[in-house]
Amino acid sequence: MTFSDKVYRAKYEAHLKHIRDWCEIDLEATRVVRQRLYDRARRQSGAAPETKTITGLSDASRDRLRLELAALATAQDSGEEGDV
């Protein structure tokens, strides 16, 4: 069988939408599951483990920073100078 973009494009796009919807439920949990699936596939294929670190903020870090920014903005709006 020969790969054909015309045949598989719609299927791929539908699958990708499902994956993105699934990831939106809990990004951190799905990231862990996706990494495990990826690592297992690499092991089973005989590929060397990948040691690249994940870049960007975790959801927990993003939430904490969002709260800190809101507190800083509130403090500045109320005239409190604090450590900023």
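Attention here is on the structure that accompanies the text. (Residues numbered from 1 in each chain as written. Predicted model: local features only at pLDDT ≥ 70, side-chain atom pairs only at ≥ 80, totals over all residues. Heavy atoms only, no water.)

### Here we look at the pattern of salt bridges
Between side chains of opposite charge, a pair can form as their charged atoms come close. What counts here: What counts as a salt bridge is simple: a side-chain nitrogen of Lys or Arg found within 4 Å of a carboxyl oxygen of Asp or Glu. Segments assigned H or I by DSSP are reported as helices when at least four residues long, segments assigned E as strands when at least two residues long, and all are numbered from the N terminus. In this scheme, a residue with accessible area under 20% of its type's maximum is buried, one over 50% is exposed, and one in between is partly exposed, where area comes from a 1.4 Å probe on protein chains only.
This structure, assessed with the given rule, holds 6 salt bridges. Two residues, Asp21 and Lys17, come together in a salt bridge whose shortest N-O distance is 2.9 Å. With Asp21 and Lys17 both in helix H1 (residues 5-25), this residue pair falls 4 residues apart, about one helical turn. By relative accessible area, Asp21 is classed as partly exposed at 33%. The exposure class of Lys17 is partly exposed, given its relative accessible area of 49%. Between Asp63 and Arg66 there is a salt bridge whose closest N-O contact spans 2.9 Å.

### Re a nonpolar patch on the surface
As a reminder, the rule being used: The patch calculation keeps residues exceeding 30% relative accessible area without a salt bridge and links them within 9 Å when they carry like charges or within 5 Å when they are nonpolar (Val, Leu, Ile, Met, Phe, Trp, Tyr). Note on areas: Shrake-Rupley, 1.4 Å probe, and residue coverage restricted to the protein chains presented here.
A surface patch of nonpolar side chains, amounting to about 380 Å² of accessible area, comprises Trp22, Ile25, Val33 and Leu37. At the level of elements, H1 and helix H2 (27-45) are the ones that each hand at least two residues to the nonpolar patch. Secondary-structure assignment places Trp22 in helix H1. For Trp22, a relative accessible area of 33% translates into the label partly exposed.

### Things to note about the side chain of Thr30
Counted only if it meets this: It only takes one pair of heavy atoms within 4.5 Å for two residues to be counted as in contact.
Looking at the secondary structure, you find Thr30 in helix H2. We classify Thr30 as buried; its relative accessible area is 5%. Apart from the residues lying within four places of it in its own chain, the contact partners of Thr30 are Trp22 and Cys23.

### Points about the packing of H1 against H2
Rule in force here: Fitted lines through C-alpha atoms serve as axes, helices being fitted only where they are in contact, and the angles separating the N-to-C directions of these axes extend from 0 to 180 degrees. Roughly parallel means an angle under 35 degrees; roughly antiparallel, over 145; roughly perpendicular, 65 to 115; everything else is oblique. In this classification, Asp, Glu, Lys and Arg are treated as charged, Ala, Val, Leu, Ile, Met, Phe, Trp, Tyr, Cys and Pro as nonpolar, and every other residue, Gly included, as polar.
The N-to-C vectors of H1 and H2 enclose an angle of 125 degrees; their axes lie 5 Å apart at closest approach. The angle between the axes of H1 and H2 places the two elements in the oblique class. Contacts between H1 and H2 involve Trp22, Cys23 and Ile25 from the former and Leu27, Thr30, Val33 and Arg34 from the latter. When grouped by side-chain class, the residues that make up the contact of H1 with H2 number 5 nonpolar, 1 polar and 1 charged.

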